[in-house]
Amino acid sequence: MKRDSDILCGGVTDRTDKNAPDKILSKDLTGFYANFFLSTRCTRDQRHNFCFSVKQTDGALTAWDEISGCRSEADDKLLSELQKIIELNDLAKRNGIYKVTAGLPPEYQPCTFSAEYASGEKLSFTTNNDPFAKWAEDLYTLFCGWFNDRGIDSLMPPRETSQVKRLRLKYVDHGIFTEYGGVNVDKSCAVNGQTYLLEKNIYDDNARKILLEKLVPFPGDYFPGVTKILFSHSTDVKYDQSIYDRHAGNYGNHDRGYFGFGSAPLDEEDSEDLIVSLHAEYESGKRLNIDTAKESEISAMKPLLNDLLAFYDTIFNPNK
């Protein structure tokens, strides 16, 4: 066995146990540990490396964020969710692998995974880190949510806290185009002296005619209102975390029409009947440019869209 002092920069160390079983019969986890780096996930303080464990601490099963030192009581539900991630990502097939390359950048430094079972079985592997690994993202999501539900929010990503200053929404449903947004008008069309107004347009592409054109002054609660709606649906987080296309191995997921709301199936064609375009700009300069014709994504966006449309309805139909 090579000592650390014998390992050269760029050299490969392979201590793989070829006899390790690639199937784990038990589903009853008793202990867990994993460390990894994720390029598209981070904590509030912009940390991208993570180290989670579940172990007995002072006689109680405890979940740990090993880097920050935060901990919370664990239970069978957490262990069950961990086992689901192991099975979903077929991690047992990696059992016994120990193969790492020295001198790689931080995001590719060795990551280690270990799971212990009531049966005495053990699943473990150590490999060069994949900064976009699905299993690691699943673990981050699980532990982030677990700690957050218990009042520990340090693993949550940074949120956009400035106010929206511009927003345009277009929703196309089977040839009916509905669009909302700000528009500059001539002084002759001013309302209460205002020339920058909020518009609502509905156009029937099947009949080739305009169904509605309406302009109103921006209500005082408009920008706080749309900001709150986008925030409540974690639109900023989903947008930031969804850019990587795991199938293509590039950052083109948004170009495919996926923005973190749905499951982003691999071979989904664009819909001929449904289109959503949502563009928002914040006072901080951050922009959200969401354009999709993917039915799965639009379906998953429905709670957000319904809230936005209901908000616009109170503005354009206040007496309804």
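Residues numbered from 1 in each chain as written. Predicted model: local features only at pLDDT ≥ 70, side-chain atom pairs only at ≥ 80, totals over all residues. Heavy atoms only, no water.

(A) Representation of the sheet that holds strand 12 (residues 209–216) in the model. The six strands lie next to each other as 12-11-10-9-13-14, forming an open sheet whose pairing is antiparallel. On the outer flanks of this sheet lie strand 12 and strand 14 (287–292), each paired with one strand and no other. Ignoring strand direction, the axes of neighbouring strands in this sheet form an average angle of 10°. Sheet topology note: the strand 10 (residues 176–184)/strand 11 (residues 196–204) ladder contains nine bridges and is antiparallel. Within strand 11, the position partnered with Asn184 by the bridge is Tyr196. (Pairing = 2+ DSSP bridges. Helix = DSSP H or I, 4+ residues; strand = E, 2+ residues; numbered from the N terminus. Axes fitted to C-alpha atoms, helices over the stretch in contact; angles between N-to-C directions.)

(B) Expanded view of the state of the cysteines. Going through the model one piece at a time under the given rule, you end up with zero disulfides. Cysteine Cys70 shares no disulfide, and the gap to the nearest cysteine sulfur, in Cys144, comes to 11 Å. (Disulfide = S-S within 2.5 Å.)

(C) Representation of the packing of aromatic side chains in the model. This structure, assessed with the given rule, holds 26 aromatic pairs. Their ring planes at 75° and their centres at 5.8 Å tell us that Phe36 and Trp135 sit as a pair that is edge-to-face. Here Trp135 lies in helix 2 (residues 134–148) and Phe36 lies in strand 2 (residues 29–37), a separation of 99 residues in the sequence. For Phe36, a relative accessible area of 3% puts it in the buried group. Its relative accessible area of 5% is what places Trp135 among the buried residues. Ring plane angle 80° and centroid distance 4.8 Å describe the contact between Tyr222 and Phe223, whose orientation is recorded as edge-to-face. For the pair Tyr222 and Phe223, a shared accessibility class is recorded, and that class is buried. (Phe/Tyr/Trp six-rings, centres within 6.5 Å; stacked < 30°, edge-to-face > 60°. Buried < 20%, exposed > 50% of the residue type's maximum accessible area, 1.4 Å probe, protein only.)

(D) Structural context of the packing of helix 3 (residues 222–232) against helix 7 (residues 302–316). Between helix 3 and helix 7, whose axes approach to 10 Å, the crossing angle comes to 165°. Classified by the interaxial angle, the pair formed by helix 3 and helix 7 is roughly antiparallel. As helix 3 packs across helix 7, the resulting crossing turns out to be right-handed. Facing helix 3, whose interface residues are Tyr222, Gly225, Val226, Ile229 and Leu230, helix 7 presents Leu304, Asp307, Leu308, Phe311, Tyr312 and Ile315. Considering only residue class, the contact of helix 3 with helix 7 consists of nine nonpolar, one polar and one charged. (Parallel < 35°, antiparallel > 145°, perpendicular 65-115°, else oblique. Left-handed = near helix turned anticlockwise from the far one by under 90°. Contact = heavy atoms within 4.5 Å. Nonpolar A, V, L, I, M, F, W, Y, C, P; charged D, E, K, R; others polar.)

(E) Representation of the pattern of salt bridges. Following the criterion strictly, the structure yields 19 salt bridges and no others. Of the charged contacts, one joins Asp240 and Lys286 as a salt bridge, the two residues approaching to 2.8 Å between their closest N and O atoms. Within this pair, whereas Asp240 is found in helix 4 (residues 235–241), its partner Lys286 is found in the loop between strand 13 (274–282) and strand 14, the two being separated by 46 residues in sequence. For Asp240, a relative accessible area of 39% translates into the label partly exposed. Put simply, Lys294 and Asp270 hold a salt bridge, and the shortest N to O gap is 3.0 Å. Taken together, the residues span a long stretch of sequence, with Lys294 in the loop between strand 14 and helix 6 (295–300) and Asp270 in the loop between helix 5 (253–256) and strand 13 at a distance of 24 residues. We classify Lys294 as buried; its relative accessible area is 9%. (Salt bridge = Lys/Arg side-chain N within 4 Å of Asp/Glu carboxyl O.)

Read these as layout, nothing more, since geometry by itself doesn't imply function.
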